[in-house]
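# Architecture at a glance
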Amino acid sequence: MKNSNVRVRFAPSPTGYLHVGGARTALYNYLFAKQHGGSFVLRVEDTDEARSTTESLVSMLDDLSWMGLKWDEGPAPKTLDEKGDFGPYRQSDRKEIYFKHINELIKDGRAYYCFLTEEELDAQREEAKKAGEPFRPNSPYRDWSVDQAKEKIDNGEKPTIRFKNDHGEKLYTFKDLVRGEVSLPASMIGDFVIARSNGMPVYNFVCAVDDALMKISHVFRAEEHLNNTLRQLMIIEALKMEAPIYAHLSIMLGGDRQKLSKRHGAASLTDFKEKGYLPQALSNFIALVGWSSPSGEEILSMEQMIKEFSTERLHSASAVFDQEKLKWMNAQYLREMNTEDFFKRSKEFFKSDWKFPESGDWREKSFSALKSSMETLDDAAPLYEMLKLGGELDLNDQAKDVISWESTSKVLQVWKGLLSKAESEYINPEQIDGLINTVKAEAEVKGKFLFMPIRVASIGKAQGTEIKDLIPLIPVSELVLRADKLIG
RNA sequence: GUUCCCUUCGUCUAGAGGCCUAGGACACGUCCCUUUCACGGAUGAGACACGGGUUCGACUCCCGUAGGGAACGCCA
């Protein structure tokens with residue numbers, strides 16, 4: 001189906017929301033796959049049965065789709081129906097496959113049943129810490145025969161299975177697409193667990209096996225997995241499988257230079273969706289945290305990113321996620337949006353009982369007048385609230401103060417009178433100055449005593465958005481209604 | 001502590017030994033536009049962590065130091 005050997009995967013663990021860091025990892029995988037005409041695989045790392053949930057999986061897949069990412073293999077959004085030739089794609093459905101390989105390792109003496117208890121392990125950890133050494137478990141069961149172990153198992157004991165790391169001081173060196181040559185000494189780890197006592201294999205094992213079995217050619221993943229690569233390399237080697245090429249991406253930080261999390265305001269895609277960010281803006285921005293276009297351009301469509309992506313331009317240092325710049329970028333995209341799209345997207349930010357003039361022309365006009373004062377869809381709500389039909393004005397303290405001025409009632413009377421005489425459905429922008437000047441003359445007030453009451457009567461606010469942009473968007477009948485309510 | 005990774009304006013980054021008096025973007029300051037705010041335009045301030053090498057020449061290469069991050073789980 002695909003005419004390329006490039007196969008990449010994004011392998012989320014469905015234990016919560018999709019983090020922007022994860023989203024960026026997914027994006028880079030996607031860009032790389034598309035650029036090379038390869039396959040983008042979605043694999044579900046749900047071996048932690050206690051924490052993995054279907055809701056989380058569904059929401060992650062939704063978020064990924066929302067971002068505009070599509071995968072060639074793996075569970076479909078919503079239905080979770082799987083497609084692809086390398087399934088199943090949920091690791092919890094692959095236990096048999098894993099145990100085939102685990103048993104192979106045990107048979108070859110590359111792995112063993114370990115009956116060390118939690119307490120014994122803790123004691124060893126404590127000792128290692130005291131000695132200033134990395135924790136390398138010392139298991140008395142390391143050289144037991146399988147028969148010996150089976151006996152204990154038959155007695156009801158539940159062992160873990162450990163990989164036997166007998167590589168001494170060997171240096172594992174591999175070429176990382178982001179970091180260049182990386183060398184990890186085998187001695188930095190000991191015999192590590194590959195299957196839990198409850199019979200479920202663990203991450204480092206399943207990840208290594210699946211990458212090989214699913215013929216993954218390139219692994220783009222977060223830097224926190226760099227150390228895990230050693231374990232995975234050992235497993236792949238012991239199983240005589242082929243290792244993918246790795247690319248360890250820098251980590252995204254919050255303003256305090258700590259790993260980005262909910263504490264920083266927003267960290268999940270859902271957060272950004274709810275704050276009114278556009279998926280194109282978010283993916284564009286995220287791509288630029290740790291990567292740059294050779295052209296130096298910053299506003300990049302998905303197509304451009306696919307064309308221009310290159311691993312050489314991936315930055316190896318961790319980077320702070322700057323929400324201010326995201327806002328700016330979102331504003332750029334918002335202004336380029338087409339009107340119908342805008343109304344479709346902003347629907348969920350408006351209250352359902354808000355009524356607006358129906359015509360498409362009104363939508364065009366209102367959006368083009370207001371879009372320059374929005375950064376996110378969320379900003380659209382208070383703006384459009386000023387335009388909703390029904391005469392209700394929600395006055396703040398400053399606006400109430402304006403209403404209490406002595407000269408205000410005169411201004412409003414005149415204003416309303418003029419409006420009532422208007423012949424068209426809407427006031428033209430060109431008419432406004434004339435109208436205001438007439439009020440000025442007839443009511444004999446000027447400056448803020450003139451402008452502010454008119455502002456308040458029109459939009460309920462003493463300050464803010466350009467009144468000349470707003471008044472032509474409000475039907476004259478509505479303006480009259482509003483003025484009327486204030487006059488009381 | 002041990003191992004690994006990282007280090008250019010406040011932030012994201014450009015920079016592959018002379019093109020660097022270090023470029024761009026966001027944010028910030030000033031000015032213009034505007035009755036206010038925003039948008040837009042112009043302009044300004046602002047960085048090679050430090051110390052040693054290598055070299056005619058180092059932001060770029062090497063070595064240290066300091067600082068930051070990650071891993072050291074029957075989490076991923």
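A brief structural summary. (Residues numbered from 1 in each chain as written. Chains lettered and ligands numbered in written order. Predicted model: local features only at pLDDT ≥ 70, side-chain atom pairs only at ≥ 80, totals over all residues. Heavy atoms only, no water.)

## Here's the deal with the overall build of chain A
Along the backbone of chain A there are 20 helices and 13 strands. On the principal axes, the C-alpha backbone points of chain A span a range of 105 × 50 × 40 Å. In chain A, which comprises 488 residues, the proportion classed as buried is 51%. In chain A, 75% of the contacts between residues at least 6 apart in sequence involve partners at least 24 apart. If you sum the accessible surface of chain A, you get close to 23500 Å²; carbon and sulfur atoms cover 47% of it. Charge separation in chain A, taken as the distance between the mean sites of 66 positive and 76 negative side-chain charges, equals 1 Å. (Helix = DSSP H or I, 4+ residues; strand = E, 2+ residues; numbered from the N terminus. Buried < 20%, exposed > 50% of the residue type's maximum accessible area, 1.4 Å probe, protein only. Contact = heavy atoms within 4.5 Å. Areas by Shrake-Rupley, 256 points an atom, 1.4 Å probe, with all protein chains shown as cover. Lys, Arg positive; Asp, Glu negative; His and termini not counted. Charge placed at Lys NZ, Arg CZ, Asp CG, Glu CD.)

## Some remarks on unusual backbone geometry
Residues Gly 87 and Pro 88 are joined by a peptide bond in cis, for which omega reads -5°. In the Ramachandran plot, Lys 215 falls in the positive-phi region, its phi being about 55° despite a non-glycine side chain. Looking at the secondary structure, you find Lys 215 in the loop between helix H6 (203–213) and strand E10 (218–222). Lys 215 sits in the exposed class, given a relative accessible area of 56%. A positive phi angle is found at Glu 444, which is not glycine, with a value near 60°.

## As for the pattern of salt bridges
Per the counting criterion, the structure on display carries 27 salt bridges. We note a salt bridge from Asp 211 to Arg 9, for which the minimum N-O separation is 2.9 Å. Linking Asp 211 in helix H6 with Arg 9 in strand E1 (residues 7–10), this pair joins segments that are 202 residues apart in sequence. Accessibility assignment for this pair places Asp 211 and Arg 9 in one class, buried. In this structure, Lys 485 engages Glu 392 in a salt bridge whose closest nitrogen and oxygen atoms are separated by 3.2 Å. With Lys 485 in helix H20 (residues 476–487) and Glu 392 in the loop between helix H14 (377–385) and helix H15 (397–404), this residue pair connects regions lying 93 residues apart in the sequence. (Salt bridge = Lys/Arg side-chain N within 4 Å of Asp/Glu carboxyl O.)

## Things to note about the protein's contact with RNA strand B
Around RNA strand B sit 56 residues in total, of which Phe 135, Arg 179, Arg 196, Gly 290 and Glu 298 are the nearest. In this structure, a sugar or linking oxygen belonging to RNA strand B sits 2.9 Å away from a side-chain N or O atom of Asp 48. Contact between RNA strand B and His 315: a phosphate oxygen at 3.0 Å from a side-chain N or O atom of the residue. Those elements that place two or more of their residues in the surface near RNA strand B are strand E6 (160–163), strand E8 (180–185), helix H7 (228–238), strand E13 (319–320), helix H11 (323–336), helix H18 (448–459) and helix H19 (467–470). Among the elements that take part in the surface near RNA strand B, H11 stands out by supplying four residues, more than any other. Counted by class, the surface near RNA strand B contains 17 nonpolar, 18 polar and 21 charged residues. (Near = heavy atom within 4 Å. Polar contact = N/O pair within 3.5 Å; in protein donor to acceptor, adjacent residues only side chain to side chain. Nonpolar A, V, L, I, M, F, W, Y, C, P; charged D, E, K, R; others polar.)

## A closer look at the pairing of E6
The alternating pattern of E6 places Thr 160 and Arg 162 and Ile 161 and Phe 163 on opposite faces, both of which are buried. Both strand E5 (residues 111–114) and E6 contribute to a ladder of four bridges, which runs antiparallel. Considered in E6, the bridge of Tyr 112 is made with Arg 162. Here E6 runs beside strand E9 (residues 193–195); their pairing, made up of two bridges, is antiparallel. Considered in E9, the bridge of Arg 162 is made with Val 193. (Pairing = 2+ DSSP bridges.)

## Section: the side chain of Glu 478
Examined against the element boundaries, Glu 478 turns out to sit in helix H20. Relative accessible area serves as the criterion here: at 5%, Glu 478 is assigned to the buried category. When sequence neighbours within four positions are dropped, the list of residues in contact with Glu 478 reads Lys 388, Leu 389, Gly 390 and Gly 391.

## Some details on the packing of aromatic side chains
Scanning the model with the defined rule gives 25 aromatic pairs in all. Their ring planes at 70° and their centres at 5.9 Å tell us that Phe 174 and Tyr 246 sit as a pair that is edge-to-face. Of the two residues, Phe 174 sits in strand E7 (residues 171–176) while Tyr 246 sits in strand E11 (residues 245–249), which places them 72 residues apart along the sequence. Taking relative accessible area as the criterion, Phe 174 reaches 9% and is therefore assigned buried. Between the aromatic rings of Phe 272 and Phe 321, the centroid separation amounts to 5.5 Å while the plane-to-plane angle is 50°, which identifies the pairing as tilted. (Phe/Tyr/Trp six-rings, centres within 6.5 Å; stacked < 30°, edge-to-face > 60°.)

## A short note on the sheet that holds E6
Spatially, the three strands line up as an open sheet ordered E5-E6-E9, and their pairing is antiparallel. Each edge of the open sheet is held by one strand with a lone partner, namely E5 and E9. This sheet shows a mean twist of 45° between the axes of neighbouring strands, independent of strand direction. (Axes fitted to C-alpha atoms, helices over the stretch in contact; angles between N-to-C directions.)

## Focus: the environment of Ala 149
Turning to its location among the elements, Ala 149 is positioned in helix H5 (residues 146–154). According to the relative accessible area criterion, Ala 149 is buried, its value standing at 3%. As a C-alpha pair, Ala 149 and Leu 314 span 165 residues in sequence and 48 Å in three-dimensional space. The contact partners of Ala 149, leaving out residues within four places of it in the chain, are Tyr 113, Phe 115 and Trp 144.

## Section: the environment of Pro 140
Here Pro 140 lies in the loop between helix H4 (118–131) and H5. Residue classification places Pro 140 among the exposed residues on the basis of a relative accessible area of 52%. Sequence separation between Pro 140 and Leu 116 is 24 residues, and the spatial gap between their C-alpha atoms is 8.1 Å.

## Details of H6
For H6, the buried fraction is high: nine of the eleven residues fall into the buried class. The set of residues buried in H6 consists of Asn 204, Phe 205, Val 206, Cys 207, Ala 208, Val 209, Asp 210, Asp 211 and Ala 212. Backbone geometry just after H6 places Lys 215 at a positive phi near 55°.

## Quick look at H14
The set of residues buried in H14 consists of Leu 377, Ala 380, Ala 381, Leu 383 and Tyr 384. Buried-residue contacts for H14 involve H11, helix H12 (339–346) and helix H13 (360–370).

## Focus: the side chain of Thr 339
For Thr 339, the position within the fold is in helix H12. In contact with Thr 339, not counting residues within four places along its chain, are Arg 363, Glu 364 and Phe 367.

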